[in-house]
Amino acid sequence: RKDMKTYTLEEVGKHDSKEKGIWITFGQGVYDITEFVDKHPGGPSKIMMAAGGSIDPFWMIFANHNTSEIHSLLESMRIGNISEEDAKSNKSDLYDPYANEPVRHKALKINGNKPFCAEPSPSLLVESFLTPVPFFYVRNHLPVPKIELKDYTLELAIEGTTKKTLDFKTLKKYEKKTITAAVMCGGNRRSEMSKVKQLKGINWNVGAVGNATWTGVRLCDVLKDLGVNEDAFNHVQFEGHDLDPSGMSYGASIPISKAMDPRADVILAFEMNGETLSQDHGFPVRVIVPGVVGARNVKWLSKINISKQESQSQWQQGDYKGFSPSTTWDNVDFSKSPAIQEMPVVSAICDPQDTDTVEIKNGKIEVKGYAWSGGGRKIIRVDVTNDKGKTWHTADLTEDLQANEGRHWSWSLWNVELPVDKKSRVVEIWAKAVDSSYNVQPESFNNIYNIRGLLCNAYHKIKVQLKQ
Ligand code: MTE
Ligand code: MO
């Protein structure tokens, strides 16, 4: 590396556009990323914020870039070093945006530390119908913001113009409403899809889902009070108090029909399982959009904007979308796929887990899991087989008995006893769920593979050993 060309920061700074070439620095290195920008999984606009400058402070926030793969990818684009004099003055700010992170339960298996992403073990997940808060998966895209209740405000805007600002007390004056709903990440079960072909994203097992009661006020009440004419707009955008290095907040949107429909049960929640919302899950206020992908359930809610347009955030426009199995990072066009909203039907086997050794009782083994479908569709059946589909066994369901038609926001837990042949050492178990629209899970991941590893709802297939 010593033999490479030397550049001043001033020279690097001039390379901040496609026309002049896009250069960045990382540590002492200078890199030409012109060709890579459009292929950046986080979107070109995010990486362009570093154009002509140092990427170090960005990677302090997006610390998931700290892998050997990404480092060697970057090294392949290296064109030289920063001049020695400039290197001395280029020491990045040591302020740590992750200084406010809350303490987490040891039972959460960490998939990423900065931003924090973690899930419970599958067997723990099916122990209770309501997921205890400390075991509820956490998916943060940015550092956790620290918000004092007395300082909390929620801005209500129409096409960007603020109409009202509510403090926490005023927000709580609306009628209180409690719902039970599962929240699931669009990337849940991604680790199974990644076995088809390489893809990009957090390597979730089956635990990027949880089921909880959410107490708050109804979004439709707040919007009605604002005098919103539903027919004049199309989307309700949400922003979080968590910020990226350029000061942009996490954002997402949902169709206005969903937001205004009293039966859609969209909640501005301040309690989870009857307790004040925790810091990781969005204190003091988050949106719960039942039946819709986790990404739209915006935490640390700072602003609601009624608009003709969808949220323009990276997470609405350049992520959380599905593609054909043949779409690659070279030909992907994010503008051509709609943003994921309602989730498809899914199930997972949680106990036993793949490769476990299980005990036979009266010629049978017990299998437990969860099933869920988006859009309020009820789980009407879970079928389980241990002979590759020759015989299907119908599982017993534990479900939310209070749920109304078309408003089955909770998951269903299921269990089944499978007759097994003692002589077989290894048993392969498959599970699939059916929802009230008779949607069924696809059989394999091969035909639903997508580069972002989203909507991973193929049959869950595991292999276990029988205890002899
Ligand atoms: N809201 C904000 N403000 N910031 C975020 O990073 N992550 C989203 C969503 N809301 C996120 C957010 C994603 S992708 C998911 S899956 C859920 O929150 C996760 O919610 P949880 O951490 O409470 O389980
Ligand atoms: Mo997510």
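These notes cover the structure that comes with them. (Residues numbered from 1 in each chain as written. Chains lettered and ligands numbered in written order. Predicted model: local features only at pLDDT ≥ 70, side-chain atom pairs only at ≥ 80, totals over all residues. Heavy atoms only, no water.)

What about the overall build of the protein chain?
Consideration 1: Per the secondary structure count, the protein chain includes eleven helices and 27 strands.
Consideration 2: Radius of gyration (C-alpha) of the protein chain: 24 Å, near the 23 Å computed for a compact globule of 468 residues.
Consideration 3: In terms of overall dimensions, the protein chain has a C-alpha envelope of 75 × 60 × 40 Å along the principal axes.
Consideration 4: By residue count, 55% of the 468 residues in the protein chain fall in the buried class.
Consideration 5: Across the protein chain, contacts joining residues at least 24 apart in sequence account for 71% of those joining residues at least 6 apart.
Consideration 6: Only carbon and sulfur atoms are counted for the fraction: they give 48% of the accessible area of the protein chain, which is about 21400 Å².
Consideration 7: The protein chain carries 58 positive and 59 negative side-chain charges, and their two centres are separated by 3 Å. (Helix = DSSP H or I, 4+ residues; strand = E, 2+ residues; numbered from the N terminus. Rg over C-alpha atoms; globule rule 2.2 N^0.38 Å. Buried < 20%, exposed > 50% of the residue type's maximum accessible area, 1.4 Å probe, protein only. Contact = heavy atoms within 4.5 Å. Areas by Shrake-Rupley, 256 points an atom, 1.4 Å probe, with all protein chains shown as cover. Lys, Arg positive; Asp, Glu negative; His and termini not counted. Charge placed at Lys NZ, Arg CZ, Asp CG, Glu CD.)

Quick notes on the sheet that holds strand 18 (residues 301-307)
Consideration 1: In space, the five strands of this open sheet follow the order 10-9-18-13-14, with mixed pairing throughout. Both edges of this open sheet fall to strand 10 (161-167) and strand 14 (249-255), since each of them pairs with a single strand only. Averaged over neighbouring strand pairs, the angle between their axes works out to 20° when direction is ignored.
Consideration 2: Pairing of strand 9 (residues 153-158) with strand 10, which is carried by six bridges, proceeds in the antiparallel orientation. For A157, the partnering residue across the bridge sits in strand 10 and is T162. (Pairing = 2+ DSSP bridges. Axes fitted to C-alpha atoms, helices over the stretch in contact; angles between N-to-C directions.)

Considerations on the sheet that holds strand 6 (residues 109-112)
Paired through their backbone hydrogen bonds, the strands of a sheet run either parallel or antiparallel.
Consideration 1: With antiparallel pairing, three strands are arranged side by side in an open sheet as 6-7-8. Where the open sheet ends on each side, the last strands, each with one partner, are strand 6 and strand 8 (138-139).
Consideration 2: Relative to strand 7 (residues 117-119), strand 6 runs antiparallel, the two being bridged by three bridges. Following the sheet pairing, I110 is matched in strand 7 by A118.

Regarding the site of ligand 1
Consideration 1: Taken together, 19 residues are adjacent to ligand 1, and Y137, D242, H281, R286 and K299 come closest.
Consideration 2: A distance of 2.6 Å is found between an oxygen atom of ligand 1 and a backbone nitrogen or oxygen belonging to Y137.
Consideration 3: Note that an oxygen atom of ligand 1 is positioned 2.5 Å from one of the side-chain N or O atoms of K299.
Consideration 4: Sorting the residues of the shell around ligand 1 by element identifies strand 8 and strand 13 (235-243) as the ones contributing at least two each.
Consideration 5: Of the residues assigned to the shell around ligand 1, the class counts are nine nonpolar, six polar and four charged. (Near = heavy atom within 4 Å. Polar contact = N/O pair within 3.5 Å; in protein donor to acceptor, adjacent residues only side chain to side chain. Nonpolar A, V, L, I, M, F, W, Y, C, P; charged D, E, K, R; others polar.)

Here's the deal with the environment of I82
Consideration 1: Locating I82 in the fold gives a position in strand 5 (residues 78-82).
Consideration 2: Sequence separation between I82 and Y7 is 75 residues, and the spatial gap between their C-alpha atoms is 5.0 Å.

Here's the deal with the nonpolar core
Consideration 1: Among the nonpolar cores identified, the biggest contains 81 residues, and W214, V236, L268, L301, I304 and Y370 are the most heavily contacted of them.
Consideration 2: Counting residues in hydrophobic clusters, the runner-up holds 22 residues, among them I349, A371, L418 and I462. (Core = buried A, V, L, I, M, F, W, Y, C linked by side-chain atoms within 4.5 Å.)

Side note on the environment of D225
Consideration 1: Following the sequence through the fold, D225 ends up in helix 9 (residues 219-225).
Consideration 2: We classify D225 as partly exposed; its relative accessible area is 46%.
Consideration 3: Spatially, the C-alpha atoms of D225 and Y174 are 10.0 Å apart, while their sequence positions differ by 51 residues.

Things to note about the side chain of T213
Consideration 1: Turning to its location among the elements, T213 is positioned in strand 12 (residues 209-218).
Consideration 2: You can call T213 buried: its relative accessible area is 15%.
Consideration 3: For T213, the residues in contact, after removing those within four places along its chain, are L130, T178, I179, T180, E271, M272, N273 and G274.

A closer look at the packing of aromatic side chains
Consideration 1: One pass over the full model with this rule turns up 13 aromatic pairs.
Consideration 2: When the centroid spacing of 5.9 Å and the interplanar angle of 85° are considered together, the rings of Y137 and W204 count as edge-to-face. In this pair, Y137 sits in the loop between helix 6 (122-125) and strand 8 while W204 sits in the loop between helix 8 (190-193) and strand 12, placing the two residues 67 residues apart along the sequence.
Consideration 3: For W204, a relative accessible area of 0% corresponds to the buried category.
Consideration 4: Geometrically, the ring pair formed by Y370 and W411 is stacked, given 5.5 Å between the ring centres and 20° between the ring planes. Residue Y370 is located in strand 21 (residues 364-372), and its partner W411 is located in the loop between strand 24 (396-398) and strand 25 (412-419); the two are separated by 41 residues in the primary sequence.
Consideration 5: Overall, the relative accessible area of 0% leaves Y370 in the buried class.
Consideration 6: Residue classification places W411 among the buried residues on the basis of a relative accessible area of 0%.
Consideration 7: Members of the aromatic cluster, each reached through a chain of ring pairs, are F136, Y137, W204 and W214.
Consideration 8: Its guanidinium or amino end placed over the ring of W315, K46 lies 4.8 Å from that ring's centre, counting from NZ or CZ. (Phe/Tyr/Trp six-rings, centres within 6.5 Å; stacked < 30°, edge-to-face > 60°. Lys NZ or Arg CZ within 6 Å of the ring centre and 35° of its normal.)

A word on the pattern of salt bridges
Consideration 1: For the coordinates displayed, the defined rule picks out 24 salt bridges.
Consideration 2: Measuring nitrogen to oxygen at the nearest pair gives 3.9 Å for the salt bridge that ties D221 to K224. Of this pair, D221 and K224 both sit in helix 9, three residues apart, which is roughly one turn of that helix.
Consideration 3: What you see here is one network of salt bridges that share partners, running through K258, E342, R377 and D435. (Salt bridge = Lys/Arg side-chain N within 4 Å of Asp/Glu carboxyl O.)

Looking at unusual backbone geometry
Consideration 1: A cis amide bond, omega 0°, links K114 with the succeeding residue P115.
Consideration 2: Here the residue pair F283 and P284 is connected by a cis peptide bond, since its omega of 5° sits within 30 degrees of zero.
Consideration 3: Topologically, P284 is positioned in the loop between strand 16 (275-276) and strand 17 (286-288).
Consideration 4: In this structure, N273 is a non-glycine residue whose phi angle is positive, near 50°.
Consideration 5: Along the chain, the position of N273 falls in the loop between strand 15 (267-272) and strand 16.
Consideration 6: With a phi close to 55°, K388 is a non-glycine residue in the positive phi region.
Consideration 7: Locating K388 in the fold gives a position in the loop between strand 22 (379-385) and strand 23 (393-394).

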